[in-house]
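Okay, here's what each chain looks like letter by letter:
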Amino acid sequence: MSVTEQPCYTLINTSQDLESTSEIQLREDLEKGNDKAKAEALKKLIVMMLNGEKFPSLLMIIIRYVMPSQNHAIKKLLLIFWEIVPKHTADGKLLHEMILVCDAYRKDLQHPNEFIRGSTLRFLCKLKEPELLEPLMPSIRACIEYRHAYVRRNAVLAIFTIYKNFDFLIPDAPELIGKFLDVEQDMACRRNAFMMLIHVDQERALNYLSNVIDQVNSFGDILQLVIVELIYKVCHSNPSERARFIRCIYNLLNSSSQAVRYEAAGTLITLSSAPTAVRAASACYIDLIIK
């Protein structure tokens, strides 16, 4: 990707009458202002950068005077700022300042507050520089064992994205997430882990499903929906697997979630044209319409 072709991940809605601010005023607010002034200056800076303006001289000011702040609003704004700020020189080399930023990421991944850890992990899903991600891998791996489910579920998404983009940074990701899935209890975490395995190691996902197939009715709807998606995908690509999983789809017609029942009925009639399957799916659709 050339220097002029910057990726776009975030859209920010701003007021049309937002006042333009000089670089001198931004520097003053970022360096000497209180948390509120720094947050406002960061907002203005982000909008101006998204409009194509460049402020390379403010990078070290932000690293020195804004990054150490523990204010949550400032930390959220910094994640957007680091997402959009140019990270390379004109000849394509990584800016030396980004090493300091990388160290700040590492500290936030070890922060005792679950919001800061989780939001940092979500940000790392958008980072496209493997040289910045590599030093963070031990901290990212450690987050899948953190006590708070919010951190664990975002750690799984970060590992999924990093493995998809830069598998050499974490070559054992499918095995790591497979073991995580075996012991995890939170449904959102299990859903994210199962979704990752569907995309990167489908055989491992199928083996997990085979082992827990009798428990599927007790799972949360977010995990059941992903299971229906996998069964549909697998049975269409390999019809011989239908007998292995069609009973699971039958059982999900009785799920407590209306969305799961709807998806299960649609999957059932695409997998089987047997009269019993058609009747079961029709009865499910009629019940959903009535309710």
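Residues numbered from 1 in each chain as written. Predicted model: local features only at pLDDT ≥ 70, side-chain atom pairs only at ≥ 80, totals over all residues. Heavy atoms only, no water.

As annotated in an unreviewed UniProt entry, the protein chain is Clathrin/coatomer adaptor adaptin-like N-terminal domain-containing protein from Rotaria magnacalcarata.

### Regarding the overall build of the protein chain
Helix and strand content of the protein chain: 16 helices and zero strands. For 291 residues, the compact-globule estimate of 2.2 N^0.38 gives 19 Å, and the C-alpha radius of gyration of the protein chain, at 24 Å, exceeds that figure by more than 25%. Across its three principal directions, the C-alpha atoms of the protein chain cover 75 × 45 × 40 Å. With 291 residues in all, the protein chain has 46% of them scored as buried. Mean positive and mean negative side-chain charge positions of the protein chain (34 and 34 charges, respectively) differ by 4 Å. (Helix = DSSP H or I, 4+ residues; strand = E, 2+ residues; numbered from the N terminus. Rg over C-alpha atoms; globule rule 2.2 N^0.38 Å. Buried < 20%, exposed > 50% of the residue type's maximum accessible area, 1.4 Å probe, protein only. Lys, Arg positive; Asp, Glu negative; His and termini not counted. Charge placed at Lys NZ, Arg CZ, Asp CG, Glu CD.)

### Quick word on the domain arrangement of the protein chain
Taken domain by domain, the protein chain holds domain 1 (21-86), domain 2 (94-184) and domain 3 (201-290). Its C-alpha centre places domain 2 at a distance of 32 Å from the equivalent point of domain 3. (Domains from an automatic or database assignment.)

### A closer look at the nonpolar core
One finds Trp 82, Ile 140 and Phe 194 to be the most contacted residues of the largest nonpolar core, which totals 100 residues. Counting residues per element, this core draws most heavily on helix α9 (residues 149-165), at nine residues. (Core = buried A, V, L, I, M, F, W, Y, C linked by side-chain atoms within 4.5 Å.)

### Side note on helix α2 (residues 35-50)
Taking 1.5 Å of rise per residue, the 16 residues of α2 would be expected to cover 22 Å, and the 22 Å separating its terminal C-alpha atoms lies within 8% of that figure. When we look at burial in α2, the residues that qualify are Lys 38, Ala 39, Ala 41, Leu 42, Leu 45, Ile 46, Val 47, Met 48 and Met 49. Buried-residue contacts for α2 involve α1 (23-32), α3 (59-66) and α4 (72-84). Put simply, Asn 34 is the residue that caps the front of α2, since its side-chain oxygen is 3.2 Å from the backbone nitrogen of Lys 36. Where α2 terminates, the next one or two residues include Gly 52, which has phi positive at roughly 105°. (Expected span 1.5 Å × (residues − 1). Contact = heavy atoms within 4.5 Å. Polar contact = N/O pair within 3.5 Å; in protein donor to acceptor, adjacent residues only side chain to side chain.)

### So, the state of the cysteines
Within this structure, the stated rule accounts for zero disulfides. The thiol of Cys 235 is unpaired, and the distance to the nearest cysteine sulfur, on Cys 248, comes to 9.9 Å. Here Cys 235 falls in the buried class, since its relative accessible area comes to 0%. (Disulfide = S-S within 2.5 Å.)

### What about the packing of aromatic side chains?
For the structure on display, the rule yields five aromatic pairs. On the numbers, 5.1 Å between centres and 50° between planes, the contact of Tyr 105 with Phe 123 is tilted. Of this pair, Tyr 105 sits in helix α5 (residues 97-109) while Phe 123 sits in helix α6 (residues 114-124), and the two are 18 residues apart along the sequence. Under the relative-accessibility criterion, Phe 123 is labelled buried at 3%. Look at Phe 166 and Phe 168: their rings are 6.2 Å apart centre to centre, the planes differ by 70°, and that puts the pair in the edge-to-face class. On the accessibility criterion, Phe 166 (13% relative accessible area) is buried. Under the relative-accessibility criterion, Phe 168 is labelled exposed at 55%. Over the aromatic face of Phe 219 sits the side chain of Arg 190, whose NZ or CZ is 4.6 Å from the ring centroid. A cation over an aromatic ring shows up here: Arg 247 above the ring of Tyr 250, its NZ or CZ 4.9 Å from the ring centre. (Phe/Tyr/Trp six-rings, centres within 6.5 Å; stacked < 30°, edge-to-face > 60°. Lys NZ or Arg CZ within 6 Å of the ring centre and 35° of its normal.)

### Regarding the pattern of salt bridges
Counted by the stated rule, this structure contains 13 salt bridges. Two residues, Asp 103 and Arg 106, come together in a salt bridge whose shortest N-O distance is 2.6 Å. Taken together, the residues span about one helical turn, with Asp 103 and Arg 106 both in helix α5 at a distance of three residues. The exposure class assigned to Asp 103 is partly exposed, which follows from its relative accessible area of 30%. Residue Arg 106 is classed as partly exposed on the basis of its relative accessible area, which comes to 30%. The shortest N-O distance in the salt bridge between Arg 204 and Asp 201 comes to 3.0 Å. (Salt bridge = Lys/Arg side-chain N within 4 Å of Asp/Glu carboxyl O.)

### Observations concerning the side chain of Ser 139
As for its placement among the helices and strands, Ser 139 is situated in helix α8 (residues 137-143). What makes Ser 139 buried here is its relative accessible area of 7%. Every residue in contact with Ser 139, bar those within four places of it in the chain, is listed here: Arg 106, Leu 109 and Gln 110.

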